[in-house]
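# Coordinate inspection notes
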Amino acid sequence: MRKLTYYVAATLDGFIAAPDGDFGFFDPYIPGALPFLTGEMGDALPTPARAAFGLADAPNERFDTVLMGRGSYEPGLAVGLSSPYAHLRQIVVSRSLTSSPDPAVEVTAEEPLDLVRRLKQEEGLGIYLCGGGDLAGQLLPEIDELIVKLNPVAVGSGVPLFRAAFSPNAFTLTDTRVLANGVVVLTYAKASGVSAPTAG
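Residues numbered from 1 in each chain as written. Predicted model: local features only at pLDDT ≥ 70, side-chain atom pairs only at ≥ 80, totals over all residues. Heavy atoms only, no water.

## Describing the overall build of the protein chain
Assigned secondary structure in the protein chain consists of five helices and ten strands. Over its C-alpha atoms the protein chain spans a radius of gyration of 16 Å, differing by no more than 12% from the 16 Å that the globule rule assigns to 200 residues. Relative to all contacts within the protein chain whose residues are 6 or more apart in sequence, the contacts with residues 24 or more apart total 68%. Carbon together with sulfur atoms contributes 56% to the accessible area of the protein chain, which is approximately 9,900 Å² in total. (Helix = DSSP H or I, 4+ residues; strand = E, 2+ residues; numbered from the N terminus. Rg over C-alpha atoms; globule rule 2.2 N^0.38 Å. Contact = heavy atoms within 4.5 Å. Areas by Shrake-Rupley, 256 points an atom, 1.4 Å probe, with all protein chains shown as cover.)

Shown next as structure tokens:
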């Protein structure tokens, strides 16, 4: 079965973007992370970045599908990038975006959990969940792998890693690495056979 991976940059205090959705404060840490970003996670780079780093013709090795909420899709759209991950099947989950700005991008109002469960039954590589926090919160029960690029910065408030009702979901740490810029990459797998604690 295909795996859903939430791969995301986060702050020390658990935010993935500023309150207005901006994530430019992560930019100073990108240069030191390039070997990791372009190596193991090259499939998750936007297509223009892949071209800039000489990966335009590289085959997909980890992912062949990307899921985005409208908030994650619109920053690229605002600068004319209507198909940001042209090397992947692109699906935008939105109830407010009623049509696709690009024929290469699927827009759906399907229930996210139903969508992911259907995608997992299809043949193919992994599914990359690139955000945002609202969509990640809705899909938390179906996330098989969590890869957090923990940046050495605290911001105080913003868009959380997951925006969801309280519902403990256990993960197991499977890998830790420290990049040259101080970013710590934490990889977790969904814990199996672990029940969430109950109140009382």
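## Overview of the sheet that holds strand β5 (residues 105-108)
Taken in spatial order, the eight strands make up an open sheet running β5-β4-β3-β6-β1-β7-β10-β9, and their pairing is mixed. Edge positions in the sheet fall to β5 and β9 (171-178), since each of these pairs with one other strand and no more. Across the sheet, the axes of successive neighbouring strands diverge by a mean angle of 20°, strand direction being ignored. Across six bridges, the pairing between strand β7 (residues 145-150) and strand β10 (residues 184-190) is antiparallel. Its bridge partner lying in β10, I147 is registered against T187. Contacting β1 (4-10), β3 (63-69), β4 (89-93), β5 and β6 (126-129), helix α4 (residues 112-120) runs over the sheet at an angle of about 160° to β4. (Pairing = 2+ DSSP bridges. Axes fitted to C-alpha atoms, helices over the stretch in contact; angles between N-to-C directions.)

## With respect to the environment of F15
Mapped onto the elements, F15 comes out in strand β2 (residues 15-17). Classification of F15 by relative accessible area gives buried; the value is 16%. Taking the C-alpha atoms as reference points, F15 and P160, 145 residues apart in sequence, are found 4.3 Å from one another. Excluding residues that lie within four positions of it along the chain, F15 makes contacts with A9, A10, F26, V155, G156, S157, G158, V159 and P160. (Buried < 20%, exposed > 50% of the residue type's maximum accessible area, 1.4 Å probe, protein only.)

## Observations concerning the pairing of β6
Where burial is concerned, the two faces of β6 agree: the one with G126 and Y128 and the one with I127 and L129 are both buried. Across three bridges, β1 lies against β6 in parallel orientation. The residue of β6 that forms the bridge with L4 is I127. Note: β3 against β6, four bridges, orientation parallel. Within the sheet, the bridge partner assigned to F63 lies in β6 and is G126.

## A closer look at the nonpolar core
Within the largest apolar cluster, 25 residues are counted, with the highest numbers of intra-cluster contacts made by Y7, F36, V66, M68, Y85 and Y128. The set of elements that each furnish at least two residues to this core consists of α1 (30-38) and β3. Residues within four places of Y128 in sequence aside, it is in contact with T5, Y7, A44, F63, T65, V66, L67, Y85 and L88. (Core = buried A, V, L, I, M, F, W, Y, C linked by side-chain atoms within 4.5 Å.)

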